[in-house]
Amino acid sequence: MPDEPQDHLDAPLVFAEEEISLQGRETLSEDINGRWTVLIVDDEEDVHKITRITLKGFTFQGRGLRLLSAYSADDVKTILAEEKDIALVLLDVVMEQEDTGLKLVEYIRNDLENNSVRIVLRTGQPGKAPEQTVISRYDINDYKTKPEFTAQKLFTCVTACLRAYENLKTIERNQEGLESIINSSPIVFENSSFAKFGHKILDQLYVILNLDRHAGADTAYFMGLPAGQILLMAGTGSYGDREGVPLEEVLPGSILKEYERVASTGGEVFLTDQYLGVFKFEKGFVNLLYLKSSVPLGVVEKYLLRIYAHNISIGFDNIRLAREIINTQKEVILTLGEVVETRSQETAHHVTRVAEFCYCLAKQFGMDEPTTELLRLGSPMHDVGKIGVPEAILHKPGKLTFDEFEIMKKHAQTGYEILRKSNSSIMATAAIVAHQHHERWDGQGYPQGLKGKNINVFGRIAAIADVFDALSHKRCYKEAWPLGKIMDLFKREAGFQFDPELVAIFLTNIDEFIGINRRFPE
């Protein structure tokens, strides 16, 4: 226990050991070997000396004290602006003015909005600030007159305040971490790509745990497909350039042993400075989250890691299920498109080629990947409305009569009516393509007679893709056209039947479209 202050009034001035500048994160777990920062505020030098002497050698939870001194309100404000981790302020009430200390309490709590630091008021003139009034009005932790502040009481007071500060910081850290987890969800889960999902997971992990990217922390996210290897999808630190490498070639041997222990059932492993979460899903999917921290993992970090890891495992499963739904929709769309294709005696792979033409032209036009992929998935349904056209008209080898053509034209509206009722983004895209792929740039198309950019770009792209495929291949009513004749038609119809900008892009990149024809021959 510290010595009584009166035994040292005449002793040489003794200060705490050399002060340490705290750097990096301000979490309790990282600063475990640092010191609790205590600010002594008093306009009497002797009070500073006695407090330092009394608290010499004081420790709480294995950590000593880092004592700072302030002699005025300005000193306090300067120090508080620079120091962000002060645990306790021993604050004199009467300094420049009779209520300087009370004003500083209001400044700390209201202006700085610092509700974590513990504040103990000390006064040699209790009549200037009656204890009952101060305790009821101000957010302080204790109120002592200087004569009653013995070494034992100072020891007890500091211990209680540091414990309270630690608990508050733990609560605050939990709250911040949980808020970060909640805020991370839309950022992480907006990515349908598993690789992008993995990178976002690790980015947000640094935010949630306040990890320093330059302090040696390593993180890794692995994914395994059914009956396949478990591969590194994203990594940071020493794993940053090893994407695509199997799990067994990446993780250290000691962690691999821990993985093997929980591989069959899934589970979590916490070591001093490492974490491994293994999450199993239906149909053989698995993912892993690994962290090697540069400092020991504290209680808060473990708690947040567990919540975050389970959160992203749910997110992974949601993405997996969403992709499964999309793949199912894609299969249904292609199958239905092929049924219509067969019924109307279109050439083999017509819907597949149109889908690839649309995707290629949309990319060259500058659309982003999600939008181009939507168009590729939705465009095979462009002629689904032909399911309502009589076979005699569909299979007629010669030119259609006016009445027959009027019936044929109805397939665009019919297709739209079939598809428009779905809330699926793929079906919504398919509905647009089915409805508008026979509209013309000059407004002479059908079924709505839309003109120019009033035609959705999906319809404008599909119009070029559909006509190019129709002209490139034999139909029941015509032979395939030579490439030169096809290109002449598109040049002639640019600005009339087709969007001139899209025609220019199409003709400039004609070799890519020819390549698609070769990949999906009749």
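Conventions we followed
- Per chain, the residues get numbers from 1 upward, laid out in the order the sequence is written.
- Given that this is a predicted model, residues contribute local features only at a pLDDT of at least 70 and side-chain atom pairs are listed and counted only at 80 or more, while totals for whole chains, interfaces and linings are drawn from all residues.
- Only hydrogens and water are removed before side-chain values are computed, so all heavy atoms of the structure are retained for them.
- Strands here are runs of E lasting at least two residues and helices are runs of H or I lasting at least four, both read from the DSSP assignment and numbered beginning at the N terminus.
- For a helix, the expected span equals 1.5 Å multiplied by the residue count minus one.
- Relative accessibility thresholds used throughout: buried, under 20% of the residue-type maximum; exposed, over 50%; partly exposed, between the two (1.4 Å probe, protein chains only).
- Here, any two strands with at least 2 DSSP bridges between them count as paired.
- Here an axis means a line fitted to C-alpha atoms, over the contact stretch when the element is a helix, while the angle between two N-to-C directions is reported on a 0 to 180 degree scale.
- Orientation labels follow simple angle bins: below 35 degrees gives roughly parallel, above 145 gives roughly antiparallel, 65 to 115 gives roughly perpendicular, and whatever is left gives oblique.
- In this analysis, two residues are considered to be in contact whenever any of their non-hydrogen atoms come within 4.5 Å of each other.
- Classification used: nonpolar for Ala, Val, Leu, Ile, Met, Phe, Trp, Tyr, Cys and Pro, charged for Asp, Glu, Lys and Arg, polar for all others including Gly.
- Two rings from Phe, Tyr or Trp (for Trp, the six-membered ring) form a pair when their centres are within 6.5 Å of each other. A pair whose planes differ by under 30 degrees is stacked, one over 60 is edge-to-face, and the rest are tilted.
- Whether a charge sits over a ring comes down to the Lys NZ or Arg CZ being within 6 Å of the ring centre and within 35 degrees of the ring normal.
- Counted as a polar contact is a pair of N or O atoms within 3.5 Å, where, for protein atoms, one must be capable of donating a hydrogen and the other of accepting one, and residues adjacent in sequence contribute only when both atoms are in side chains.
- In this scheme, patches are assembled from residues that exceed 30% relative accessible area and form no salt bridge. Like charges are connected within 9 Å, while nonpolar side chains (Val, Leu, Ile, Met, Phe, Trp, Tyr) are connected within 5 Å.
- The Shrake-Rupley method, run with a 1.4 Å probe sphere, supplies the accessible areas, and residue values consider only the shown protein chains as cover.
- Whenever a carboxyl oxygen of Asp or Glu lies within 4 Å of a side-chain nitrogen of Lys or Arg, that contact is scored as a salt bridge.
- As used throughout, the charge tally considers Lys and Arg to be positive and Asp and Glu to be negative, leaving His and the chain termini uncounted.
- Charge positions come from single atoms, namely NZ of Lys, CZ of Arg, CG of Asp or CD of Glu.
- What the arc measures is the spread of directions leading from the helix axis to the C-beta atoms.

With twelve residues, helix 13 (residues 425–436) should cover 16 Å at 1.5 Å per step; its first-to-last C-alpha distance of 17 Å lies within 8% of that length. Counting buried positions along helix 13 yields nine of twelve residues, so the element is predominantly enclosed. Considered for burial, the residues of helix 13 that qualify are Ile426, Met427, Thr429, Ala430, Ala431, Val433, Ala434, His435 and Gln436.

This brings us to the pairing of strand 9 (residues 274–280). Among the seven residues that make up strand 9, six are buried, leaving the element largely enclosed by the rest of the structure. Here strand 8 (residues 267–270) pairs with strand 9 via four bridges, running antiparallel. Bridge pairing links Val269 to Leu276 in strand 9. Remark: three residues form the turn of the hairpin made by strand 8 and strand 9, two consecutive strands paired antiparallel.

As a further point, take the packing of helix 9 (residues 350–365) against helix 16 (residues 500–508). Interaxial distance between helix 9 and helix 16 falls to 10 Å at its minimum, and their mutual angle equals 105°. As far as their axial angle goes, helix 16 and helix 9 are roughly perpendicular. In contact with Leu361, Gln364 and Phe365 of helix 9, helix 16 contributes Glu501, Leu502, Ile505 and Phe506. Taken together, the residues of the contact of helix 9 with helix 16 break down into five nonpolar, one polar and one charged.

Further remarks concern the packing of aromatic side chains. By the definition in use, this model includes twelve aromatic pairs. Note on Phe270 and Tyr275: the rings are 4.9 Å apart at their centroids and 50° apart in plane angle, and the pair reads as tilted. For Tyr275, a relative accessible area of 0% gives the class buried. Each member of the aromatic cluster is reached from another via a ring pair, and the members are Phe357, Phe468, Phe490, Phe498, Phe506 and Phe513. We note Arg63 situated over the ring of Trp36; from NZ or CZ to the ring centre the distance is 3.7 Å.

Another aspect to go through is the environment of Gly244. With respect to the secondary-structure elements, Gly244 resides in the loop between strand 7 (230–236) and helix 7 (253–262). A residue is classified by how much of its surface remains accessible, and Gly244, at 45% relative accessible area, is partly exposed. With 14 residues separating them along the chain, Gly244 and Ile230 place their C-alpha atoms 9.0 Å apart. In this view, Gly244 contacts Leu231 and Leu232; residues no more than four positions away in its chain are not counted.

Structurally, His473 is set in the loop between helix 14 (457–472) and helix 15 (483–493). Among the polar contacts listed, one links the side chain of His473 to the backbone oxygen of Asp469, at a separation of 3.0 Å.

Now for the sheet that holds strand 3 (residues 86–92). Hydrogen bonding along the main chain pairs the strands of a sheet, whether they run parallel or antiparallel. The parallel open sheet is built from five strands, whose spatial order is 2-1-3-4-5. Every interior strand has two partners, whereas the edge strands, strand 2 (65–70) and strand 5 (142–145), have only one. Neighbour-to-neighbour, the strand axes of this sheet turn through a mean angle of 20°, independent of strand direction. Examined bridge by bridge, strand 3 and strand 4 (residues 118–123) share five bridges and lie parallel to one another. What sits directly across from Asp92, in strand 4, is Arg122. Set on the sheet, helix 2 (residues 73–82) makes contact with strand 1 (36–41), strand 2 and strand 3; between it and strand 2 the angle comes to about 140°.

Turning our eyes to something else, we now look at a negative patch on the surface. Where like charges cluster on the molecular surface, the negative patch consists of Asp43, Glu44, Glu45, Asp46, Asp74 and Glu96. On the secondary structure map, Asp43 appears in the loop between strand 1 and helix 1 (45–54).

Residues spaced three or four apart along an α-helix point in a common direction, a consequence of the helix completing one turn every 3.6 residues. Of the residues making up helix 2, those classed as buried are Ala73, Val76, Ile79 and Leu80. Each buried residue of helix 2 sits inside an arc of 125° when the element is viewed along its axis, so together they form one side. Across helix 2 from its buried face, at more than 90 degrees, point the exposed residues Asp74, Ala81 and Glu82. Those residues of helix 2 hidden inside the fold are in contact with strand 1, strand 2, strand 3 and helix 3 (100–111).

Bear in mind that shape data such as this cannot, by itself, settle questions of function.
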